[in-house]
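# Observations on the model geometry
Here's the letter readout for the chains.
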Amino acid sequence: VVIGSWRGFVPLILAKALKDNLEGGKVTFVDPSLVDNFWKDPGAIDEHFQQYGVDNIEHYLMTTQEFVTTEAYKAISDVGILFVDGYHSREQAEIDFEAFDALLSPNGVALFHDTARIDKSTIYGKNRTYEHRVKDYVEELGNRQDLEVFNLPFDRGVTLVRRR
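This section reports on the structure supplied with the text.

How each quantity is defined
- Here the residue numbers are simple positions, counted from 1 along each chain's written sequence.
- Under the rules for a predicted model, residues below a pLDDT of 70 receive no local features and side-chain atom pairs below 80 are neither given nor counted, while totals for whole chains, interfaces and linings still include all residues.
- Processing note: side-chain calculations cover all non-hydrogen atoms of the structure and skip hydrogens and water entirely.
- Axes here mean lines fitted to C-alpha atoms, for a helix over just the part in contact, with angles spanning 0 to 180 degrees between N-to-C directions.
- Each helix is a run of H or I in the DSSP string that is no shorter than four residues. Each strand is a run of E no shorter than two, and both are numbered from the N terminus.
- Oblique is the label for any angle not covered by the other classes, which are roughly parallel (under 35 degrees), roughly antiparallel (over 145) and roughly perpendicular (65 to 115).
- Whether a crossing is left-handed or right-handed is set by the direction in which the near helix is turned from the far one by less than a right angle, anticlockwise for left-handed and clockwise for right-handed.
- Note on contacts: a residue pair is in contact if any heavy atoms of the two residues lie within 4.5 Å.
- Under the scheme applied here, ten amino acids are nonpolar (Ala, Val, Leu, Ile, Met, Phe, Trp, Tyr, Cys and Pro), four are charged (Asp, Glu, Lys and Arg), and all others, including Gly, are polar.
- Only when DSSP finds a minimum of two bridges between them are two strands counted as paired.
- Accessibility here uses a 1.4 Å probe with only protein chains present; expressed as a share of the type maximum, an area under 20% marks a residue as buried, one over 50% as exposed, and anything in between as partly exposed.
- By convention a crossover is right-handed if, when the strands point away from the viewer, the path from the first strand over the helix to the second runs clockwise.

### Notes on the packing of helix α5 (residues 90-101) against helix α6 (residues 134-141)
When two helices pack together, you describe them by how their axes are tilted relative to each other and by the distance separating the axes. Contact geometry for α5 and α6: axes closest at 7 Å, N-to-C directions at 50°. Relative to α6, α5 is oriented oblique. Between α5 and α6 lies a crossing whose hand is right-handed. Here R90, A93, E94, F97 and E98 of α5 come into contact with α6, specifically with V134, D136, Y137, E140 and L141. The class makeup of the residues in the contact of α5 with α6 is five nonpolar, no polar and five charged.

### Focus on the sheet that holds strand β9 (residues 158-163)
As summarised here, the arrangement of the seven strands in space is β3-β2-β1-β4-β5-β9-β8, forming an open sheet in which the pairing is mixed. The open sheet has two edge strands, β3 (57-60) and β8 (147-152), and neither has a second partner. Summarising the sheet, strand β1 (residues 2-3) and strand β4 (residues 79-84) pair through two bridges and their orientation is parallel. Its bridge partner being in β4, I3 is matched across the sheet by V84. Against the sheet, α5 makes contact with β1, β4, β5 (104-113) and β9, and its axis sits at roughly 165° relative to β5, the strand it touches most.

### Observations regarding the pairing of strand β2 (residues 27-30)
With burial as the criterion, each face of β2 is covered, one bearing V27 and F29 and the other bearing T28 and V30. Pairing analysis gives two bridges linking β1 to β2, with the strands arranged parallel. Bridge pairing links V2 to F29 in β2. With helix α1 (residues 9-20) bridging β1 and its parallel neighbour β2, the resulting β-α-β unit is right-handed. Sheet topology places β2 next to β3; four bridges connect them, and they run parallel. Following the sheet pairing, V30 is matched in β3 by Y60.

### As for the pairing of β5
Among the 10 residues in β5, seven count as buried, and that is most of the element. Bridge count for β4 against β5 is five bridges, and the pairing is parallel. Directly across from L82, in β5, lies its bridge partner A110. Bridge analysis of β5 against β9 gives four bridges, and the strand direction is antiparallel.

Here is the structure:
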């Protein structure tokens, strides 16, 4: 499950890995396309991913809050990887993780992007500036005894979270 992606790098890489491993599987990709219209045309999305040889990505043009009310969400189980890279507020990172935490397989992991520092973002326009505060949420997760949290502070940072 991938939540958010600027131009689809992570869903593409995960989908390609699933195909190359010959074990099947699909990528559930949730992105409401709030930055621009890139993810709004289903035909263009299919074409975008197919040019890289992948056809195992299912895109949902909605927020996590909307997605959890769908039949597609109810059909999900045994998530191997959850990649959280949507709206980067502390609150949204929590919503994204909590929506899928119980669906992670026993060896499943959650990865959070942009965890190395707090930044201001104008990606939604200068009049909609907000702070990336995913770092705050993963620090809270690090205090939980049931989780292991491993930070990779390179560039913008990625944090891996798994159950003990």
